[in-house]
Number of protein chains: 2
Amino acid sequence: MTVTIYDVAREAGVSMATVSRVVNNNPNVKPQTRKKVFEAIERLGYRPNAVARGLASKKTTTVGVVIPDISNAIFAEVARGIEDIANMYHYNIILCNADKKKDKEIRVINTLLEKQVDGLLFMGGAVTEEHLQAFKTANVPIVLCATTDEQGVIPSVDIDHESAAFDAVQALIKAGHTRIAMICGTLQDPANGYARFQGYKRALEVAGLPYDESLVRIGNYRYESGVDAMKYFLELGERPTAVFSATDEMAIGAIHCIQDAGLKVPENISVISVDNSRMASMVRPQLTAVAQPMYDIGAVSMRLLTKLMKKEAVENARVILPHEIVNRQSVGSL
Amino acid sequence: MTVTIYDVAREAGVSMATVSRVVNNNPNVKPQTRKKVFEAIERLGYRPNAVARGLASKKTTTVGVVIPDISNAIFAEVARGIEDIANMYHYNIILCNADKKKDKEIRVINTLLEKQVDGLLFMGGAVTEEHLQAFKTANVPIVLCATTDEQGVIPSVDIDHESAAFDAVQALIKAGHTRIAMICGTLQDPANGYARFQGYKRALEVAGLPYDESLVRIGNYRYESGVDAMKYFLELGERPTAVFSATDEMAIGAIHCIQDAGLKVPENISVISVDNSRMASMVRPQLTAVAQPMYDIGAVSMRLLTKLMKKEAVENARVILPHEIVNRQSVGSL
DNA sequence: CTGTTAGCGCTTTCAC
DNA sequence: GTGAAAGCGCTAACAG
């Protein structure tokens, strides 16, 4: 039924070992023999069994990727960066959505490890002790992607979320705004939530602006929660003249909420965010945002993982990618 | 170093077979023995090797997914549907981007098959003879997802693209429009391109409206190409009063182009599309669109694949999911 | 209910 | 430059 390496060997009149050599491009084969083998392979329609190879060689050339939600544009972009580089180095990826739920994350990490992936890319919520525990039992390299562990012990690739938020808010302050609201992610989320909130507070502090709790709303990263938060701000006695959103999607919700209320962006209220997803230029006014290089985060983390898997020396295993503000039309001066 | 089933057997004082039974939940094990084995597993930190299991059982509980581009919101949504159901049936997915390029598609199909996936979900461009050839050599089930083969021989899950386009254009016609433009995908693309174009033409025809070549532009599915196409239409001597876009993203480009020209949607020009991605409600005016149930297409195709993999009987191996028009604010009556 | 015994299809020393 | 043989870690009959 299925043709094996042994069949090819017999057909070509050589041993299994030789067939294995030509399939794996081992140079120690006489060109003539190589040719015979290739012909036999062709004739029989032989397809190497990667599972058997994996068992024998203890390498599967596949890496596991745990991601919060592939249907989220931001993560999908990271995933594309990962897969492109994986592909370049002849790895495949097993993709698992874990929705930033700790239990699900631990579970998929374990099944990925059972499947003998050669490495693991982890993109999730907080990295807890349990995560660290699970990582420890893996005897393959792991890199955190668009995530970092407070402990600072696992290789990772990310931007500096605190500083990105700081820059965004500072841009608002430079434009003359003093009453700046924030639409935040949950503070349980170390990157998009907590760190960006800290950046917001620090920018205020550095500028000598007071921190006003009523100017902060927690959203769930979705468009609607941006709308809701903005609705709240608009009803405030003294409403903000600018809002900083932790993500593009909530920012767009805020913009539409402002417009639906008969106000204009940026004339009446300025909006800025961190992300710079493709949607940022797909709104009117186009969204000014601090760009987070998602594709690159994916690509760089995969590249780092390949080095780790090959046991190459890496100079810096905790890389912070630069972010930059891209000025479009949603921020105006006061 | 690595603890194997044999180690567990020795530790628990039973045979490998027994350990295998408890790991695989085989009921034929005395509770007491089961307990002993679990304890040994716990003590040793045993983790079953899925590769070895795959070799022995000829099942990997992983399926291959070839997708055009995971960073495209539409496909990402399908992917989420696939993964959710896969997960539910304890399968993992290996994800490969192939950008609708034939060569890349054939290549990844083959590596997926080498990796001994238990089934294949194919989402791509046209299904050519070469594809069929590659599918034939696979001895695992394959289902086309958001794609169909003209030949009609491969199980598939999709919507009726022609009819979806027809419905969209008909909605415009019912609203009194007679000069209707179309922003189309490439005609080489059977679904988003060719079929939707056919639906457009048929709706015109059924309504007794003339087909005017100058009212059709080919886009590349991206926002910018929607802008460009619309720009062209606006410069026409007699410009259209409505435009049908093959995808949301191009439709949003068109809307913004119209607005940037100082015109209003839908007062001056109506816009409708097929897709209904999450972005449809994230524009002003909100986009009226024929909804394509992407998540469901993914979920249903994965469900179908599980049945095929289990060799269960399936009544209908070519499922067409229903589409429906969701009326929002971008279409007005004439 | 439990153990023995063959493989699954390949890689990898080690000889020659 | 090539072959023989021993596993890789597990499942799956088959016995008992």
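Residues numbered from 1 in each chain as written. Chains lettered and ligands numbered in written order. Predicted model: local features only at pLDDT ≥ 70, side-chain atom pairs only at ≥ 80, totals over all residues. Heavy atoms only, no water.

Draft legend 1. Geometry of the interface of chain B and chain A. Between chain B and chain A, the contact holds 53 residues from the first and 53 residues from the second. Taking both sides of the interface into account, the surface hidden between chain B and chain A amounts to around 4,700 Å²; carbon and sulfur atoms contribute 50%. Between the two partners, chain B and chain A, sit 8 salt bridges. A salt bridge links Arg80 of chain B to Asp99 of chain A; the nearest nitrogen and oxygen atoms lie 2.3 Å apart. On the surface where chain B and chain A come into contact, there are 26 residue pairs in polar contact (both at pLDDT 80 or more). Of all the secondary-structure elements, those providing two or more residues to the side of chain B that touches chain A are helix H4 (50-57), helix H5 (73-88), strand E2 (92-97), helix H6 (102-114) and helix H11 (248-260) of chain B. Here the residues of the side of chain B that touches chain A are counted per class, giving 21 nonpolar, 18 polar and 14 charged. Relative to E2 of chain B, strand E2 (residues 92-97) of chain A is paired through 3 bridges, and the arrangement is antiparallel. (Contact = heavy atoms within 4.5 Å. Buried area = accessible area lost by both parts, 1.4 Å probe. Salt bridge = Lys/Arg side-chain N within 4 Å of Asp/Glu carboxyl O. Polar contact = N/O pair within 3.5 Å; in protein donor to acceptor, adjacent residues only side chain to side chain. Helix = DSSP H or I, 4+ residues; strand = E, 2+ residues; numbered from the N terminus. Nonpolar A, V, L, I, M, F, W, Y, C, P; charged D, E, K, R; others polar. Pairing = 2+ DSSP bridges.)

Draft legend 2. Looking closely at the relation of the copies chain B and chain A. Least-squares fitting of chain B to chain A yields an RMSD of 0.1 Å, with the superposition described by an axial translation of 0.1 Å and a rotation of 180°. Overall, the copies show the geometry of a two-fold rotation axis. Measuring from the rotation axis to each C-alpha of chain B, the shortest distance belongs to Ile94 of chain B, at 2.2 Å. Here 100% of the contact residues of chain B are again contact residues in chain A; the copies associate through an equivalent surface. (Least-squares fit on C-alpha atoms with pLDDT ≥ 70 in both.)

Draft legend 3. Main features of the side chain of Asp275 of chain B. Residue and element names in this part refer to chain B. Relative to the assigned elements, Asp275 resides in strand E9 (residues 270-275). With relative accessibility at 6%, the residue Asp275 sits in the buried group. At 2.9 Å, the side chain of Asp275 and the side chain of Gln292 are in polar contact. The contacts of Asp275, once residues within four sequence positions are left out, are Ile74, Arg196, Ala246, Thr247, Asp248, Val290, Ala291 and Gln292. (Buried < 20%, exposed > 50% of the residue type's maximum accessible area, 1.4 Å probe, protein only.)

Draft legend 4. Structural context of the protein's contact with DNA strand D. As a matter of local geometry, DNA strand D sits amid 26 residues, with Thr18, Arg21 and Thr33 of chain A together with Ile5 and Tyr46 of chain B nearest to it. Of what DNA strand D places within 4 Å of the protein, 63% of the atoms are sugar or phosphate. Here Thr18 of chain A contributes a side-chain N or O atom positioned 2.6 Å from a phosphate oxygen of DNA strand D. Within the backbone of Ile5 of chain B, one N or O atom sits 2.4 Å away from a phosphate oxygen of DNA strand D. Going through the elements one at a time, helix H2 (16-23) and helix H4 (50-57) of chain A together with helix H2 (16-23) and H4 of chain B are the ones with two or more residues in the surface near DNA strand D. (Near = heavy atom within 4 Å.)

Draft legend 5. Molecular detail of the UniProt feature "domain: HTH lacI-type" (unreviewed entry) in chain A. The UniProt entry lists residues 3-57 of chain A under the feature "domain: HTH lacI-type" (unreviewed entry), expressed in the numbering used here. Counted over residues 3-57 of chain A, helix gives 69% and strand 0%. Its end C-alpha atoms are 20 Å apart. (UniProt positions renumbered as here; feature names shortened; annotations may be inferred.)

Draft legend 6. Examining H11 of chain B more closely. All names here are of chain B. With 13 residues, H11 ought to run about 18 Å at 1.5 Å a step, and its terminal C-alpha atoms sit 18 Å apart, in line with that. When you tally the buried positions in H11, you get 11 out of 13 residues, the bulk of the element. Taken as a whole, H11 has its buried residues at Asp248, Glu249, Met250, Ala251, Ile252, Gly253, Ala254, Ile255, His256, Cys257 and Ile258. Tucked into the core, H11 has its buried residues touching strand E6 (180-184), helix H10 (223-234), strand E8 (242-245), E9 and strand E10 (288-291). In the segment just after H11, Gly262 is the residue with positive phi, at about 85°. (Expected span 1.5 Å × (residues − 1).)

Draft legend 7. Structural view of the side chain of Asp149 of chain A. All names here are of chain A. Assignment of secondary structure puts Asp149 in the loop between strand E4 (142-145) and strand E5 (156-159). Looking at Asp149, its side chain comes within polar contact range of the side chain of Arg318, at 3.0 Å. Discounting residues that sit within four places of it in the chain, Asp149 has contacts with Val127, Leu144, Ile154 and Arg318.

Draft legend 8. Structural context of the protein's contact with DNA strand C. Not every one of the 26 residues close to DNA strand C is listed here, only the nearest: Ile5 and Tyr46 of chain A together with Thr18, Arg21 and Thr33 of chain B. For DNA strand C, the fraction of protein-proximal atoms (within 4 Å) that sit in sugar or phosphate groups is 60%. Thr2 of chain A places a polar side-chain atom, nitrogen or oxygen, 3.3 Å from a phosphate oxygen of DNA strand C. Measuring from a phosphate oxygen of DNA strand C, one finds a side-chain N or O atom of Ser20 of chain A at 2.7 Å. Ranked by residue count, the leading element in the surface near DNA strand C is H4 of chain A, at 4 residues.

Draft legend 9. Structural context of the nonpolar core. One finds Tyr200, Phe244 and Met302 of chain A together with Tyr200, Phe244 and Met302 of chain B to be the most contacted residues of the largest nonpolar core, which totals 164 residues. Not counting residues within four places of it along the chain, the set of residues in contact with Met302 of chain A comprises Val63, Ile82, Ile85, Ala86, Tyr91, Leu121 and Met309 of chain A. Counting 40 residues, the second-largest nonpolar core is a separate cluster that includes Val66, Phe122 and Val140 of chain A together with Ile109 of chain B. (Core = buried A, V, L, I, M, F, W, Y, C linked by side-chain atoms within 4.5 Å.)

Draft legend 10. Main features of the sheet that holds strand E7 (residues 216-218) of chain A. Residue and element names in this part refer to chain A. The mixed open sheet is built from 6 strands, whose spatial order is E7-E6-E8-E9-E10-E12. Because the sheet does not close on itself, it has two edges, and the strands there are E7 and strand E12 (324-326). The sheet shows a mean angle of 20° between the axes of neighbouring strands, taken without regard to direction. Contacting strand E6 (180-184), E7 and strand E8 (242-245), helix H10 (residues 223-234) runs over the sheet at an angle of about 150° to E6. (Axes fitted to C-alpha atoms, helices over the stretch in contact; angles between N-to-C directions.)

Draft legend 11. How the structure looks around the environment of Ala317 of chain A. Of note, Ala317 of chain A is situated in the loop between helix H12 (294-309) and strand E11 (318-321). As for Ala317 of chain A and Ala9 of chain A, which are separated by 308 residues in sequence, their C-alpha atoms are 45 Å apart.

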